[in-house]
Amino acid sequence: MTSNLAHFAINADDVLRARQFYESVFDWKFAAWGPPDFFQITTGDAENPGVRGALQRRRELAPGLRLNSFETTFAVTDVDATVEALRANGARILMERTTISGVGHLIFFQDTEGNVVGAMQYDAEAE
């Protein structure tokens with residue numbers, strides 16, 4: 001089962017300040033999408049699009065687990081099979097399968113070293 005890095009998210013206490021920082025430093029483009037304080041990030045151009053990104057208000061993913069780093073999300077072909085493999089190998093599921101309409105099915109887990117990681121089964125027809 002191959003799983004490529006497909007998405008990253010920047011968690012911020014001050015979304016506007018973070019947006020201005022990344023626009024100024026890397027010339028990234030931001031577009032409002034979904035909930036308040038959530039932006040899709042374009043890191044490249046048509047010739048070299050880069051990895052999909054998001055900027056979002058910092059949140060607590062699980063009780064006592066406030067995300068203070070970039071989030072990474074890997075594309076998987078079957079999120080349910082991924083959950084089974086994660087559990088069998090000692091991971092802690094932080095967020096059970098959640099469907100994002102028109103995007104896919106997402107989970108978050110904590111690996112054996114305490115890192116928080118996402119896994120998304122992309123599906124443009126997800127409801």
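Residues numbered from 1 in each chain as written. Predicted model: local features only at pLDDT ≥ 70, side-chain atom pairs only at ≥ 80, totals over all residues. Heavy atoms only, no water.

## Looking at helix α2 (residues 79-88)
Line of reasoning, step 1. For α2, every residue scored as buried is listed here: V79, T82, V83 and L86. One side of α2 holds all its buried residues, which, seen down the axis, span an arc of 100°. Turned more than 90 degrees away from the buried face of α2, the exposed residues are E84 and A88.
Line of reasoning, step 2. Where α2 is buried, its residues meet β8 (92-100), β9 (104-110) and β10 (116-122).
Line of reasoning, step 3. Two or three places before D80, at the opening of α2, D78 has a side-chain oxygen 3.0 Å from that residue's backbone nitrogen.
Line of reasoning, step 4. Phi turns positive, to about 95°, at G90, one or two residues after α2. (Buried < 20%, exposed > 50% of the residue type's maximum accessible area, 1.4 Å probe, protein only. Helix = DSSP H or I, 4+ residues; strand = E, 2+ residues; numbered from the N terminus. Arc of directions from axis to C-beta. Contact = heavy atoms within 4.5 Å. Polar contact = N/O pair within 3.5 Å; in protein donor to acceptor, adjacent residues only side chain to side chain.)

## Remarks on the pattern of salt bridges
Line of reasoning, step 1. Tallied over the entire structure, the rule returns eight salt bridges.
Line of reasoning, step 2. Note that K29 and D27 form a salt bridge whose closest N and O atoms lie 2.9 Å from each other.
Line of reasoning, step 3. A residue is classified by how much of its surface remains accessible, and K29, at 46% relative accessible area, is partly exposed.
Line of reasoning, step 4. For D27, a relative accessible area of 53% translates into the label exposed.
Line of reasoning, step 5. Between R97 and D80 there is a salt bridge; the shortest N-O distance is 2.7 Å. Remark: D80 occurs in helix α2 and R97 occurs in strand β8; sequence separation between them is 17 residues.
Line of reasoning, step 6. Judged by its relative accessible area of 37%, D80 falls in the partly exposed class.
Line of reasoning, step 7. By sharing partners, the salt bridges in this structure join D13, R58 and R66 into a single network. (Salt bridge = Lys/Arg side-chain N within 4 Å of Asp/Glu carboxyl O.)

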